[in-house]
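# A look at the structure
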Amino acid sequence: MNAPEAPFVEPWQAQLFALTVALNEAGHFTWTEWTAVFGPRVQAVEASSYWQIWCEALVELLERCGFADAAEVQALTERWKAAARATPHGKPIVLSAAQ
């Protein structure tokens, strides 16, 4: 018997899932709103891009809720990538306010 496939291959996937659930539970959007954005996107993609589609759907909801637009999310993503590149292996990544 084969072991079931792990739902999360990378830590960021679990964090993305947890963030989505937390925003839903805090009342920022309903699960029905989430599925209306995520569902149509995920139906037409390969499994390898599942979490990328999840991320894009969450960005769209963040925009709709007025939390951040796509450009802000992209800028923050780039700051995190730069911080990760500057961080020695095994050390926690710190996003500086000065970046």
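Above this note sits the structure.
A short tour of the structure in this document, coming up.

Reading the values: rules and limits
Residues numbered from 1 in each chain as written. Predicted model: local features only at pLDDT ≥ 70, side-chain atom pairs only at ≥ 80, totals over all residues. Heavy atoms only, no water. Helix = DSSP H or I, 4+ residues; strand = E, 2+ residues; numbered from the N terminus. Buried < 20%, exposed > 50% of the residue type's maximum accessible area, 1.4 Å probe, protein only. Salt bridge = Lys/Arg side-chain N within 4 Å of Asp/Glu carboxyl O.

### Details of the environment of Gly66
With respect to the helices, strands and loops of the structure, Gly66 is situated in the loop between α3 (50-65) and α4 (70-86). Looking at Gly66, the relative accessible area reads 61%, which means it is exposed. In this structure the C-alpha to C-alpha distance between Gly66 and His28, which are 38 residues apart in sequence, comes to 9.9 Å.

### A look at the pattern of salt bridges
Under the definition given, this model contains 4 salt bridges. For Arg41, the salt bridge is made with Glu60, and the minimal N-O distance between the two is 2.1 Å. Linking Arg41 in helix α2 (residues 31-43) with Glu60 in helix α3, this pair joins segments that are 19 residues apart in sequence. Judged by relative accessible area, Arg41 falls into the partly exposed class, the value being 27%. Through salt bridges with shared partners, one network takes in Arg41, Glu56, Glu60 and Arg64.

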